[in-house]
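Descriptive structure summary
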Amino acid sequence: MRLIICGLKMFGRGHIQSQLDAIIEADSQTNLISGFDMVNEEDYNPAIDDFLDQIMMVKMKLGDRFQLYLHSGESYKRSNTELYDAILLGTKRIGHGTGLLMHPDLIEKVKQENICIESCPVSNKILGYIHDMRTHPARSLLAHGVKVSISSDDHGFFGAPGVTLDYLIAYLAWDLTLLDLKQLCLNSIEFASITPAEKKNLEQFFNYKWKIFLAFVRGKY
């Protein structure tokens, strides 16, 4: 198990600094923490670059041991620059990224930098960012060759038991094939914040379970 520490931008620099200080302290004691994220509604809270100096201080101190997995692009305002900031800071994944389609240059950058978009269909619908799942940006991003994974966003807040409903909605609304579903699952493994050895073991287990799933589908339908 690994933890990604999430700072709340709405609480300001003091709170973010306390989270970063905790990561620095934990670095010498455990490998449990794998990265850092910042959350909260983007159009009405401090932006990522408001905390740039604090983040860069930790990056210089911890180097590659400090990885970023930033929420960004959960907005349809073209003036929103969170995607640019997250990519320039070297984020490994982008949480939501629904506004990415408004920035064609960034789509190519995301592909070049091998960044995964964590798509959260149910959350996007509940929060009003998506009105019709058939027009969800992730559908177009997949067609552009962007790597996408399926997530459920905040389990505690929404009472979500897992990602099954998100996968079901994506499958039905985005006209996905079984091959598409498999690739979404493999993307989740590829971009998980675990060691290469753990990824290899997880992929082997997934392939085993996937064969069982296919046998069930062929037998039932």
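Here, every reference points to the structure presented above.
These figures come from a predicted structure and were not determined experimentally. (Residues numbered from 1 in each chain as written. Predicted model: local features only at pLDDT ≥ 70, side-chain atom pairs only at ≥ 80, totals over all residues. Heavy atoms only, no water.)

**Quick look at helix 2 (residues 52-62)**
Stated precisely, the cut-off is as follows: A simple rule labels every residue: compare its accessible area, found with a 1.4 Å probe on the protein chains alone, to the largest value its type can have, and call it buried under 20%, exposed over 50%, or partly exposed in between. A run of DSSP states H or I qualifies as a helix once it reaches four residues; a run of E qualifies as a strand once it reaches two. Both are numbered from the N-terminal end. In this context, the arc is that of the directions from the helix axis out to the C-beta atoms. Any two residues whose heavy atoms approach within 4.5 Å are treated as being in contact.
Where helix 2 is concerned, the buried positions are Q54, I55, V58 and L62. For helix 2, the arc enclosing every buried residue in end-on projection is 95 degrees, short of the 170-degree limit, so these residues lie on one face. Next to the buried residues of helix 2 lie helix 1 (12-27) and strand 2 (33-39). In the segment just after helix 2, G63 is the residue with positive phi, at about 60 degrees.

**Some words on the nonpolar core**
This is how the line gets drawn: Nine residue types can take part in a nonpolar core, namely buried Ala, Val, Leu, Ile, Met, Phe, Trp, Tyr and Cys, and a core is a set of them joined through side-chain atoms within 4.5 Å.
By size, the foremost hydrophobic cluster in this structure holds 28 residues, and its most contacted members are L100, V110 and I117. Within the residue set of this core, elements represented by two or more residues are helix 3 (82-88), helix 4 (104-112), helix 6 (137-143), strand 6 (148-150), helix 8 (164-173), helix 9 (178-190) and helix 10 (196-220). Of all the elements, helix 9 adds the most residues to this core, at 4 residues. Among residues more than four places away in sequence, those in contact with V110 are I87, I94, L100, I115, I117 and V146. By size, the runner-up hydrophobic cluster in this structure holds 17 residues, among which are I5, L20, V58 and L89.

**A word on the sheet that holds strand 3 (residues 69-72)**
Defined as follows: Pairing between strands is defined by DSSP: at least two bridges between the two strands are required. Here an angle of 0 to 180 degrees is reported between the N-to-C directions of two axes, which are lines fitted to C-alpha atoms, with helices fitted over the stretch in contact.
The strand order 3-4-5-6 describes an open sheet built from 4 strands, whose pairing is parallel. Single-partner strands in this sheet number two, and they are strand 3 and strand 6. Strand-to-strand twist across the sheet, computed as the mean angle between neighbouring axes with direction ignored, equals 30 degrees.

**Here we look at unusual backbone geometry**
Unlike most non-glycine residues, N40 shows phi in positive territory, near 115 degrees. In this model, N114 sits at a positive phi of 55 degrees, which is unusual for a non-glycine residue. Inspection of the secondary structure assignment puts N114 in the loop between helix 4 and strand 5 (116-119).

**A word on the side chain of S72**
Looking at where S72 falls in the secondary structure, it is placed in strand 3. The buried category is assigned to S72, whose relative accessible area is 0%. Beyond its immediate stretch of four places on either side in the chain, S72 contacts E42, I48, E82, L83, A86, I94, G95, H96 and G97.

**Here we look at a nonpolar patch on the surface**
Threshold: Note that patches include only residues with greater than 30% relative accessible area and no salt bridge, and the join distances are 9 Å for like charges and 5 Å for nonpolar side chains (Val, Leu, Ile, Met, Phe, Trp, Tyr). Each accessible area value is a Shrake-Rupley result obtained with a 1.4 Å probe; residue values ignore everything except the protein chains displayed when judging cover. When a carboxyl oxygen of Asp or Glu lies within 4 Å of a side-chain nitrogen of Lys or Arg, that pair is called a salt bridge.
A contiguous nonpolar patch, built from L52, M56, M57 and M60 and spanning about 380 Å² of accessible area, is present on the exposed surface. For M56, the location among the structural elements is in helix 2.

**A closer look at the environment of S149**
Looking at the element boundaries, S149 is found in strand 6. With 58 residues separating them along the chain, S149 and N207 place their C-alpha atoms 17 Å apart. Apart from residues no more than four positions distant in its own chain, S149 is found in contact with C116, I117, E118, S119, L184 and S188.

**Digging into the packing of helix 9 against helix 10**
Under the convention used in this document: For classification purposes, angles smaller than 35 degrees are called roughly parallel, those larger than 145 roughly antiparallel, those between 65 and 115 roughly perpendicular, and all remaining angles oblique. For a crossing to be left-handed, the near helix must be turned anticlockwise from the far one by less than a right angle; the clockwise case is right-handed.
With their axes 10 Å apart at the nearest point, helix 9 and helix 10 run at an angle of 160 degrees to one another. Taken together, helix 9 and helix 10 sit at an angle that is classed as roughly antiparallel. Crossing geometry of helix 9 relative to helix 10 is assigned as right-handed. For the pair formed by helix 9 and helix 10, the contact residues are L178, L181, K182, C185, L186, I189 and E190 on the first element and K199, L202, E203, F206, N207, W210, F213 and L214 on the second.

**Quick look at the side chain of H96**
Summarising the element assignment, H96 is placed in strand 4 (residues 93-96). Once residues lying within four places of it in the same chain are set aside, the contact partners of H96 are H71, S72, E74, I117, E118, C120, S123, N124 and D153.

**Observations regarding the pairing of strand 3**
Under the convention used in this document: With strands facing away from the observer, any crossover in which the path from the first strand over the helix to the second runs clockwise is taken as right-handed.
The alternating pattern of strand 3 places Y69 and H71 and L70 and S72 on opposite faces, both of which are buried. Summarising the sheet, strand 3 and strand 4 pair through 4 bridges and their orientation is parallel. Across the sheet, the residue bridging to L70 is I94, located in strand 4. In this view, the connection linking strand 3 to its parallel neighbour strand 4 by way of helix 3 has right-handed handedness.

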